[in-house]
Amino acid sequence: RLDMSELQLAVKPFGLRSVVDKTVGKWSPASRIRLMVSGDAWVRGDTEWVDLIVANLLRNAISSGGDRIWVRVTEGFRMVGLEVGDNGQEVPARDLAHLFQPHYRARRGGDVSLGLELSVAQRLARAMGGDVRYHWRQDENVFELTLLKVDESSRAREWSPDLVIDPLTDRPSRDAITRLISDGGPTMVYQPIVDMRTVGDAGAGVLGYESLARFPHSSPPEWFETAGSEGLRLELELAAVRSAIAEYDPEFPKVFLAVNLSNGTLVAPDLESALDGLEPGRTVLELSEGARIRSYEATRRIVDGFRQRGIRLAVDDVGADEIDMWHILRLNPDIIKLDRRLVADADHVKRNNALIKGIAVMAKDLGIMVIAEAVETGKERQRLLDLGVHFGQGYLFGKPRPLRWASRILTP
């Protein structure tokens, strides 16, 4: 029904706790399971399909083989998150890329299908303007369902599924992109970047934040790729930059803000005005390592002009594919960001260690800051420090969140 655009959604406001309690009430897990539920918030969605999503996530949690499952509602600036967590077996790294693919089978407490129920859950959530994501946090599996919050003060937008989804591609429609741009751009969340040598010490603080876009349906790459095919990528990226600066409320007075850009936006004349409102010395322009650059000379000229004002350049995703050191050196960045695959690929630790150490030594000689992405465990942090990488971001230090929101767990 999803594939054929025949799914009927009765989207309305409702209390999320009431649906969760109903779903849990129908559930009769094994006696080994201790199921805890906390929190409530009002959201927009179809209660029938939210019930199915929660049931799918509970079944998945039980299949992981742990003895404790918890369901927790957290309230954000524009979205509400419902986390279903368990202390069972971690999803193997080889399965992460396939986690939400239908019909994928994997060994996790037996030969089970990881993908069908999770794929349906994610697609239903996206059809209602939300999403389902997975992360491993503090020795627990966490699947998070996000839905649009019902609260005027949160400025949650009224998105209709038929406007957001192109029925032929299951990707954002052109109308949805133009509407989002005219409404002021996507919702932005911010992930801290820290000095891993001192984090946790008295007086230690966050060095900066990376701003990340969140959309009412589909993943950020799908929105930006579709915007590119529709000739709207520049406008969408500039809207994201303006939104990031408008919603940026740093907790520390001297931290920097990194905004993500393609090369086309980096060299666009309108970027300078989009950066108004943020001090140049606290601005970092983050360019993907795989960005297509037509003229290094033109890009360097623009970057040098920004650098004279105090704005820095970061090259992102280093190590995502083959590392092109010539590409990096020609851009002369102030910051290099190591891709998560160099940090988390447990199957090639020796090779990755050599690459990380080589990059760290080169960067030190050139005066370039190296930041490791997706640092999730204390073991990874120590490994990176031993290899000469002093700065990092990831769930170990903080998940992406709005900075105008004091994150809290709601009580029933």
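To be clear, the structure that these remarks concern was listed above.
Residues numbered from 1 in each chain as written. Predicted model: local features only at pLDDT ≥ 70, side-chain atom pairs only at ≥ 80, totals over all residues. Heavy atoms only, no water.

A. Focus on the packing of aromatic side chains. Applying the stated rule across the entire model yields six aromatic pairs. Here Phe215 and Trp223 contribute two aromatic rings whose centre-to-centre distance is 4.8 Å and whose plane-to-plane angle is 15 degrees, an arrangement assigned as stacked. On the basis of relative accessible area, Phe215 is assigned to the buried category, the value being 7%. Aromatic pair Phe215 and Phe224: ring centres 5.6 Å apart, planes at 85 degrees, arrangement edge-to-face. In terms of burial, Phe215 and Phe224 fall into one category: buried. A network of ring pairs unites the aromatic residues Phe100, Tyr134 and Phe143 as a single cluster. Against the face of Trp70 rests Arg72, its NZ or CZ located 4.7 Å from the ring centre. (Phe/Tyr/Trp six-rings, centres within 6.5 Å; stacked < 30°, edge-to-face > 60°. Buried < 20%, exposed > 50% of the residue type's maximum accessible area, 1.4 Å probe, protein only. Lys NZ or Arg CZ within 6 Å of the ring centre and 35° of its normal.)

B. Broad picture of the pattern of salt bridges. Within this structure, the stated rule accounts for 21 salt bridges. In this structure, Glu83 and Arg72 form a salt bridge, with 2.9 Å as the shortest nitrogen-oxygen distance. One end of the pair, Glu83, is in strand E5 (residues 79-86); the other, Arg72, is in strand E4 (residues 68-75), with 11 residues separating them in the sequence. Since its relative accessible area comes to 3%, Glu83 is described here as buried. Of the charged contacts in the structure, one is a salt bridge between Glu210 and Lys337, with a shortest N-O distance of 2.9 Å. Taken as a pair, Glu210 in strand E13 (residues 206-214) and Lys337 in strand E17 (residues 335-338) lie far apart in primary sequence, 127 residues in all. (Salt bridge = Lys/Arg side-chain N within 4 Å of Asp/Glu carboxyl O. Helix = DSSP H or I, 4+ residues; strand = E, 2+ residues; numbered from the N terminus.)

C. Quick peek at a nonpolar patch on the surface. Nonpolar side chains collect at one region of the surface, where Trp326, Leu329 and Leu366 lie side by side and expose about 340 Å² of accessible area between them. Here Leu366 lies in helix H14 (residues 349-366). (Patch = residues over 30% accessible without salt bridge, like charges linked within 9 Å, V, L, I, M, F, W, Y side chains within 5 Å. Areas by Shrake-Rupley, 256 points an atom, 1.4 Å probe, with all protein chains shown as cover.)

D. Representation of the sheet that holds E13. The strand order E12-E13-E14-E15-E16-E17-E18-E19 describes a closed barrel built from eight strands, whose pairing is mixed. Sheet topology note: the E13/strand E14 (residues 256-261) ladder contains three bridges and is parallel. By the bridge assignment, Glu210 is partnered in E14 with Ala258. This element, helix H8 (residues 233-246), spans strand E12 (187-195), E13 and E14 of the sheet and lies at about 165 degrees to E14. (Pairing = 2+ DSSP bridges. Contact = heavy atoms within 4.5 Å. Axes fitted to C-alpha atoms, helices over the stretch in contact; angles between N-to-C directions.)

E. Up close: the side chain of Asn141. In this fold, Asn141 is placed in strand E9 (residues 140-149). For Asn141, the side chain forms a polar contact with the main-chain oxygen of Gln89, separated by 2.9 Å. (Polar contact = N/O pair within 3.5 Å; in protein donor to acceptor, adjacent residues only side chain to side chain.)

F. The packing of helix H7 (residues 220-229) against H8, seen in detail. Following both chains from N to C, one finds H7 and H8 inclined at 140 degrees, their axes separated by 7 Å at the closest point. By the criterion of interaxial angle, the relationship of H7 to H8 is oblique. Between H7 and H8, the contacting residues are Trp223, Phe224, Glu225, Ala227 and Gly228 on the first element and Arg233, Leu236 and Glu237 on the second. When grouped by side-chain class, the residues that make up the contact of H7 with H8 number four nonpolar, one polar and three charged. (Parallel < 35°, antiparallel > 145°, perpendicular 65-115°, else oblique. Nonpolar A, V, L, I, M, F, W, Y, C, P; charged D, E, K, R; others polar.)

G. Representation of the pairing of E14. Among the six residues in E14, five count as buried, and that is most of the element. Pairing of E14 with strand E15 (residues 283-288) involves five bridges; the strand directions are parallel. Looking at the pairing, Leu257 lines up with Thr283 of E15.

H. Molecular detail of the pairing of strand E18 (residues 369-372). Residues Met369 and Ile371 line one face of E18 and the alternating positions Val370 and Ala372 line the opposite face, and both faces are buried. Note that E17 and E18 share four bridges and pair parallel. Each bridged residue has a counterpart across the sheet, and for Ile336 the counterpart in E18 is Val370. As defined by bridge partners, E18 adjoins strand E19 (residues 391-392) across two bridges and the pair is classed as parallel. Residue pairing for E19: Ile371 is matched across the bridge by Phe391. For the crossover that starts at E18, traverses helix H15 (residues 378-386) and ends in the parallel E19, the hand is right-handed. (Right-handed = clockwise from strand over helix to strand, strands pointing away.)

I. Main features of the nonpolar core. In this structure, Leu285, Leu338 and Val389 are the most contacted members of the largest nonpolar core, which totals 61 residues. By residue number, the principal contributor to this core is H8, which donates six residues. Apart from the residues within four sequence positions on either side, Leu338 is in contact with Val318, Ile356, Ile359, Val370, Ile371, Ala372, Glu373 and Val389. Within the second largest apolar cluster, 35 residues are counted, among which are Ile53, Val80, Val91 and Leu99. (Core = buried A, V, L, I, M, F, W, Y, C linked by side-chain atoms within 4.5 Å.)

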